[in-house]
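Architecture at a glance
Chain by chain, the residues run as shown.
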Amino acid sequence: MSLFGLGNRNQKTFRPKKNAPSGNKGAQLKRHIDATLGSGNLREAVRLPTGEDLNEWLAVNTVDFFNQVNMLYGTLMEFCTPTTCPTMSAGPKFEYRWADGVQIKKPIEVSAPKYVEYLMDWIEAQLDDESIFPQKLGTPFPPNFRDVVKTIFKRLFRVYAHIYHSHFQKIVSLKEEAHLNTCFKHFTFFTWEFRLIDKAELAPLNDLIESIILAC
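Quantities reported herein were computed from a predicted structural model and do not represent experimental measurements.

Tracing the sequence through the fold places alanine 161 in helix H5 (residues 145–173). Judged by its relative accessible area of 0%, alanine 161 is buried. Along the primary structure alanine 161 and serine 89 are separated by 72 residues, whereas in three dimensions their C-alpha atoms are 8.0 Å apart. Residues within four places of alanine 161 in sequence aside, it is in contact with Ala90, Tyr96, Pro204 and Leu205.

Following this line, the structure appears as structure tokens:
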């Protein structure tokens, strides 16, 4: 089983798995990610390979992390419902409301599963928009590309925060805690390496993040 293999029980995902940006470069970088992850050194795996374009690296990894969170949340869909999770929260102090700035301009309170549904639809739309995530080799990235990526990672973090605060015991009972922790460790190293999430946003899992960063 691969480092991020989920076993037979959890093959369902919340959304269909996305492929890395097409073209030789995207596939090459994806192979690099897979190879370095296989070594088990997550901190080394997130570093920009020598001579590679930062935006290309961010793009391929954004797709990868989208797929990871998709798979993780897919294991919890039957347990994370509007009844069990009427708000998208991370403990009693943090509640997240949804707005995409286009269809929903004013933040609205929604259940956790509805928030994740909105979020995955929104991320998928960004990934499919070739003016943001170019599919053809050599096509330039937009000037605001890093800002788009930061917003995606900020919102993906909220799914992790909700899982840890609201569903960790269920994850333990499913014997998936090692997988969850490895995925989040990888996510933390990547976002830390490229400063993709503001420190204030990380508050719900601050102790866990500090233990990950300080452990290496």
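Nonpolar side chains tend to gather and get buried jointly when the protein is soluble and globular. Phe157, Tyr160, Phe184, Phe187 and Phe190 are the most contacted members of the largest nonpolar core, which has 58 residues in total. For this core, the elements supplying multiple residues, two or more each, are helix H3 (54–74), helix H4 (112–128), H5, helix H6 (177–193) and helix H7 (206–214). The contacts of phenylalanine 190, once residues within four sequence positions are left out, are Val46, Trp57, Leu58, Asn61, Phe65, Phe153 and Leu196.

What follows is about the layout of surface pockets. Reported here for the second largest pocket is a volume of approximately 160 Å³. As for the second largest pocket, its lining consists of Phe157, Phe184, Phe187, Thr188, Thr191, Trp192, Arg195, Ile197, Asp198, Lys199, Leu202 and Ile209. Residue contributions to the lining of the second largest pocket peak at five residues, all from H6. Of the residues that constitute the lining of the second largest pocket, the class distribution is seven nonpolar, two polar and three charged.

Tallying each qualifying case throughout the model produces five salt bridges. Across the pair glutamate 117 and lysine 114 runs a salt bridge, and its minimum N-O distance is 3.5 Å. Placement of the pair is glutamate 117 and lysine 114 together in helix H4, with a separation of three residues, close to one helical turn. According to the relative accessible area criterion, glutamate 117 is partly exposed, its value standing at 30%. Take lysine 114: its relative accessible area is 30%, and that puts it in the partly exposed class. Between arginine 158 and glutamate 201 there is a salt bridge whose closest N-O contact spans 3.4 Å. Of this pair, arginine 158 sits in helix H5 while glutamate 201 sits in the loop between H6 and H7; the two residues are 43 residues apart in sequence, bridging distant segments of the chain.

Note on placement: arginine 146 falls in helix H5. With 48 residues separating them in the primary sequence, arginine 146 and phenylalanine 194 have C-alpha atoms 10.0 Å apart. Those residues in contact with arginine 146, other than ones at most four positions away along the chain, are Leu54, Leu58, Phe194, Arg195 and Leu196.

About the thresholds
Residues numbered from 1 in each chain as written. Predicted model: local features only at pLDDT ≥ 70, side-chain atom pairs only at ≥ 80, totals over all residues. Heavy atoms only, no water. Helix = DSSP H or I, 4+ residues; strand = E, 2+ residues; numbered from the N terminus. Buried < 20%, exposed > 50% of the residue type's maximum accessible area, 1.4 Å probe, protein only. Contact = heavy atoms within 4.5 Å. Core = buried A, V, L, I, M, F, W, Y, C linked by side-chain atoms within 4.5 Å. 1 Å grid on protein atoms, 1.4 Å probe; cavity = no way out; pocket = protein on both sides within 12 Å on 5 of 7 lines; lining within 4 Å. Points joined across faces, edges and corners; volume = space filled by probe spheres on them. Nonpolar A, V, L, I, M, F, W, Y, C, P; charged D, E, K, R; others polar. Salt bridge = Lys/Arg side-chain N within 4 Å of Asp/Glu carboxyl O.

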